[in-house]
Amino acid sequence: MTVAALAALAMCSTSNRLSSSELSKLDPPLQGLLLGDDSLSHSLTVYDLDGEEARYAVILRVSDPPAVRDSGLPIASDYGSVMTARLTTEEIKRAARHEAILAIENPERRTPD
(Lines give C-alpha, C1' and ligand atoms only; values in the text may rest on other atoms or scores of the structure.)
Protein backbone atom coordinates (compact mmCIF):
# COMPACT_ATOMS: atom_id res chain seq x y z
CA MET A 1 0.00 0.00 0.00
CA THR A 2 1.39 3.44 -0.89
CA VAL A 3 1.74 6.26 1.62
CA ALA A 4 -0.97 8.19 -0.25
CA ALA A 5 -3.34 5.22 0.03
CA LEU A 6 -2.56 4.83 3.72
CA ALA A 7 -3.14 8.54 4.29
CA ALA A 8 -6.46 8.41 2.43
CA LEU A 9 -7.53 5.44 4.52
CA ALA A 10 -6.58 7.27 7.70
CA MET A 11 -8.53 10.39 6.72
CA CYS A 12 -11.69 8.41 5.98
CA SER A 13 -11.83 6.63 9.31
CA THR A 14 -12.81 7.45 12.88
CA SER A 15 -11.23 10.05 15.16
CA ASN A 16 -9.25 7.26 16.87
CA ARG A 17 -7.23 7.06 13.65
CA LEU A 18 -4.35 9.32 12.83
CA SER A 19 -4.53 12.20 10.38
CA SER A 20 -2.43 11.98 7.22
CA SER A 21 0.23 14.29 8.71
CA GLU A 22 0.36 12.23 11.91
CA LEU A 23 0.53 8.98 9.93
CA SER A 24 3.40 10.37 7.84
CA LYS A 25 5.54 10.53 11.00
CA LEU A 26 5.55 6.72 11.12
CA ASP A 27 7.79 4.51 9.02
CA PRO A 28 6.07 1.85 6.84
CA PRO A 29 6.14 -1.09 9.32
CA LEU A 30 4.53 1.06 12.03
CA GLN A 31 1.96 2.48 9.58
CA GLY A 32 1.06 -1.09 8.65
CA LEU A 33 0.75 -2.07 12.31
CA LEU A 34 -1.82 0.67 12.96
CA LEU A 35 -3.70 0.12 9.71
CA GLY A 36 -3.89 -3.67 9.90
CA ASP A 37 -1.41 -4.40 7.10
CA ASP A 38 1.00 -6.96 8.51
CA SER A 39 3.16 -7.36 5.37
CA LEU A 40 6.10 -5.64 7.14
CA SER A 41 5.36 -6.85 10.67
CA HIS A 42 8.31 -9.27 10.54
CA SER A 43 10.64 -6.29 10.95
CA LEU A 44 9.01 -5.01 14.16
CA THR A 45 10.61 -5.69 17.54
CA VAL A 46 7.78 -6.80 19.82
CA TYR A 47 7.87 -7.20 23.59
CA ASP A 48 5.02 -9.45 24.61
CA LEU A 49 4.76 -9.80 28.38
CA ASP A 50 2.32 -12.26 29.90
CA GLY A 51 -1.06 -10.64 30.39
CA GLU A 52 0.01 -7.24 29.06
CA GLU A 53 -0.56 -5.50 25.76
CA ALA A 54 2.29 -5.91 23.26
CA ARG A 55 4.87 -3.13 23.17
CA TYR A 56 6.89 -2.17 20.10
CA ALA A 57 10.44 -0.83 20.15
CA VAL A 58 10.63 2.58 18.48
CA ILE A 59 13.07 5.40 17.88
CA LEU A 60 11.64 8.89 18.33
CA ARG A 61 13.13 11.92 16.58
CA VAL A 62 12.06 15.00 18.53
CA SER A 63 12.28 18.78 18.36
CA ASP A 64 11.62 19.51 22.05
CA PRO A 65 13.04 16.78 24.34
CA PRO A 66 11.68 18.25 27.61
CA ALA A 67 8.13 18.33 26.19
CA VAL A 68 8.40 14.68 25.15
CA ARG A 69 9.85 13.71 28.55
CA ASP A 70 6.87 15.44 30.21
CA SER A 71 4.33 13.76 27.91
CA GLY A 72 3.95 10.62 30.01
CA LEU A 73 5.18 8.34 27.24
CA PRO A 74 7.47 5.61 28.60
CA ILE A 75 10.84 6.82 27.29
CA ALA A 76 13.56 4.16 27.67
CA SER A 77 16.59 6.23 26.69
CA ASP A 78 17.14 9.87 25.87
CA TYR A 79 19.93 11.22 23.68
CA GLY A 80 18.58 14.75 23.23
CA SER A 81 16.75 14.86 19.90
CA VAL A 82 16.74 11.04 19.63
CA MET A 83 14.87 8.88 22.12
CA THR A 84 13.93 5.23 22.35
CA ALA A 85 10.77 3.73 23.80
CA ARG A 86 8.64 0.60 23.95
CA LEU A 87 5.12 1.69 23.09
CA THR A 88 1.70 0.06 22.80
CA THR A 89 -0.32 0.82 19.68
CA GLU A 90 -2.29 3.48 21.60
CA GLU A 91 0.96 5.08 22.80
CA ILE A 92 2.28 5.07 19.22
CA LYS A 93 -0.84 7.04 18.23
CA ARG A 94 -0.31 9.46 21.15
CA ALA A 95 3.32 9.94 20.08
CA ALA A 96 2.28 10.62 16.48
CA ARG A 97 -0.13 13.30 17.70
CA HIS A 98 2.56 15.02 19.82
CA GLU A 99 3.82 18.19 18.13
CA ALA A 100 7.39 17.76 19.38
CA ILE A 101 7.74 14.26 17.93
CA LEU A 102 8.87 14.57 14.33
CA ALA A 103 9.33 10.90 13.39
CA ILE A 104 8.65 7.46 14.85
CA GLU A 105 10.88 4.77 13.43
CA ASN A 106 11.23 1.03 13.70
CA PRO A 107 14.75 0.21 14.98
CA GLU A 108 15.65 -2.36 12.34
CA ARG A 109 18.73 -4.41 12.94
CA ARG A 110 21.32 -3.56 10.32
CA THR A 111 24.32 -5.57 9.27
CA PRO A 112 27.30 -4.54 7.13
CA ASP A 113 26.97 -5.34 3.43
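Residues numbered from 1 in each chain as written. Predicted model: local features only at pLDDT ≥ 70, side-chain atom pairs only at ≥ 80, totals over all residues. Heavy atoms only, no water.

**Overview of the pattern of salt bridges**
- Tallied over the entire structure, the rule returns four salt bridges.
- The salt bridge involving Arg55 is made with Glu91; its shortest N-O contact spans 2.6 Å. Here Glu91 lies in helix H5 (residues 89–97) and Arg55 lies in strand E2 (residues 55–62), a separation of 36 residues in the sequence.
- Residue classification places Arg55 among the partly exposed residues on the basis of a relative accessible area of 24%.
- For Glu91, a relative accessible area of 13% puts it in the buried group. (Salt bridge = Lys/Arg side-chain N within 4 Å of Asp/Glu carboxyl O. Helix = DSSP H or I, 4+ residues; strand = E, 2+ residues; numbered from the N terminus. Buried < 20%, exposed > 50% of the residue type's maximum accessible area, 1.4 Å probe, protein only.)

**Structural notes on the side chain of Ser77**
- Mapping Ser77 onto the fold places it in strand E3 (residues 75–78).
- Polar contacts involving the side chain of Ser77 include one to the side chain of Thr84, which spans 2.4 Å.
- Contacts of Ser77, omitting those with residues within four sequence positions, involve Val82, Met83 and Thr84. (Polar contact = N/O pair within 3.5 Å; in protein donor to acceptor, adjacent residues only side chain to side chain. Contact = heavy atoms within 4.5 Å.)

**Points about the side chain of Gln31**
- Of note, Gln31 is situated in helix H3 (residues 28–35).
- Residue classification places Gln31 among the buried residues on the basis of a relative accessible area of 3%.
- At a separation of 2.9 Å, a polar atom in the side chain of Gln31 contacts the main-chain carbonyl oxygen of Leu26.

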